[in-house]
Amino acid sequence: MRDFTHKIYRDFLISLKKENFQFITVEEYFSLKYDKNRAFIIIRHDVDRRPKSSLKMAKIENSMGIKATYYFRTISRTLKPDIIREIATLGHEIGYHYESLAETNGNYEKAIRDFARNLSKLREIYPIKSISMHGRPTSKWDSRLLWKRYNYRDYGILSEPYLDIDFKKVLYITDAGREWNNDLINRRDRVNSSFNFGFKHTEEIILNIDRGVLPNKIMVNIHPEHWSENNIEWYRVLLIRKIKNFVKRQLLNL
Ligand SMILES: [Zn+2]
């Protein structure tokens with residue numbers, strides 16, 4: 001069966017619901033607004049490009065009574081106020097997917113100004129409380145390093161999941177590069193984990209949920225642009241991914 005379709009995404013959500021997982025946003029997690037006695041999953045989406053794909057996913061989740069957190073880059077392709085507002089209206093949290101240190105080639109002073117400027121642009125649309133780093137594999141700069149010199153809490157930000165969640169206790173699953181937890185093509189979207197599931201297909205994740213063998217604390221990072229609702233879209237995404245992952249592998253081998 002083809003992977004990364006909206007149908008499989010729905011199946012994934014259905015099996016989580018059957019296992020009685022509660023779906024919480026990043027803000028709810030950090031403000032402790034959830035039931036501590038129940039399993040939880042934080043669905044986090046990085047909106048790297050194609051914000052319309054995110055809107056589709058936001059609608060699927062909303063139709064199933066599910067909330068997620070959407071981190072938007074502030075490049076012109078993704079900073080689409082109407083789409084961001086619509087996703088927020090569907091009950092989801094909006095966060096800022098920053099890349100300031102990569103954007104300014106490691107210039108910390110320029111980077112923090114870039115960060116503050118983009119944050120205030122997003123805050124014209126939504127009261128942002130959470131940020132997450134965009135990995136930008138073509139840059140040698142890891143934007144999280146900005147927080148060695150500055151403090152995002154000074155900007156009214158409560159959390160950066162990469163830095164504030166203990167991934168020894170919370171299972172982290174990411175579809176970066178349209179493959180599950182594949183470090184060979186994934187330069188920065190990694191965490192220090194104590195779990196080792198090695199999923200190849202979404203079906204395997206679903207099977208593990210159904211068997212009740214996944215931990216009861218999970219964060220999954222899903223890039224909506226990798227997932228498609230029809231055949232044409234699916235092949236288009238596959239082709240783009242093959243090219244991008246080829247380029248990424250070359251970069252990582254350097
Ligand atoms: Zn990203």
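Further up the page is the structure itself.
All figures in this text were calculated on a predicted structure; none of them were measured in a lab.

About the criteria used
- Residues numbered from 1 in each chain as written.
- Predicted model: local features only at pLDDT ≥ 70, side-chain atom pairs only at ≥ 80, totals over all residues.
- Heavy atoms only, no water.
- Helix = DSSP H or I, 4+ residues; strand = E, 2+ residues; numbered from the N terminus.
- Buried < 20%, exposed > 50% of the residue type's maximum accessible area, 1.4 Å probe, protein only.
- 1 Å grid on protein atoms, 1.4 Å probe; cavity = no way out; pocket = protein on both sides within 12 Å on 5 of 7 lines; lining within 4 Å.
- Points joined across faces, edges and corners; volume = space filled by probe spheres on them.
- Nonpolar A, V, L, I, M, F, W, Y, C, P; charged D, E, K, R; others polar.
- Donors = N, O, S within 2.8 Å, 3.2 Å for Na, K, Ca; no water.
- Expected span 1.5 Å × (residues − 1).
- Contact = heavy atoms within 4.5 Å.

Caption draft 1: Main features of unusual backbone geometry. You will see that Asn105, though not glycine, has its phi angle at about 55°, which is positive. Its place among the elements puts Asn105 in the loop between α5 (100–103) and α6 (108–123). Backbone geometry at Arg136 places phi at a positive 30°, although glycine is not the residue there. Within the secondary structure, Arg136 sits in the loop between β5 (131–133) and α7 (146–149). Judged by its relative accessible area of 19%, Arg136 falls in the buried class.

Caption draft 2: Geometry of the layout of surface pockets. In this model, the largest pocket occupies a volume close to 690 Å³. Glu179, Trp180, Asn181, Asn182 and Phe199 are the residues nearest the centre of the largest pocket, which is lined by 30 residues in total. When contributions to the lining of the largest pocket are tallied by element, the ones reaching two or more residues are β6 (171–174) and α10 (231–253). Counting residues per element, the lining of the largest pocket draws most heavily on α10, at six residues. Split into classes, the residues belonging to the lining of the largest pocket amount to eleven nonpolar, nine polar and ten charged. A volume near 450 Å³ is recorded for the second largest pocket. Lining of the second largest pocket is provided by 28 residues; of these, Asp48, His134, Arg136, Pro137 and Lys248 occupy positions nearest its centre. The leading source of residues in the lining of the second largest pocket is α10, at five residues.

Caption draft 3: Broad picture of the coordination of the zinc ion. Those donors, Asp48 (OD), His97 (NE2) and His134 (ND1), are the protein atoms that reach the zinc ion, and they lie 2.1 Å from it. Counting gaps between the donor residues of the zinc ion yields the pattern D-x48-H-x36-H. Taken together, the residues span a long stretch of sequence, with His97 in strand β4 (residues 93–98) and His134 in the loop between β5 and α7 at a distance of 37 residues. For His134, a relative accessible area of 7% corresponds to the buried category.

Caption draft 4: Layout of helix α1 (residues 6–18). Counted at 1.5 Å a residue, the expected span for α1 with its 13 residues is 18 Å, and the 18 Å between its end C-alpha atoms agrees. For α1, every residue scored as buried is listed here: His6, Ile8, Tyr9, Phe12, Leu13, Ser15 and Leu16. In the core, the buried residues of α1 are packed alongside β1 (22–24), β2 (40–47), α3 (51–63), α9 (202–210) and β7 (217–222). Positive backbone phi, at 65°, marks Asn20, one or two positions downstream of α1.

Such coordinate-based values are descriptive only and should not be taken to indicate function.
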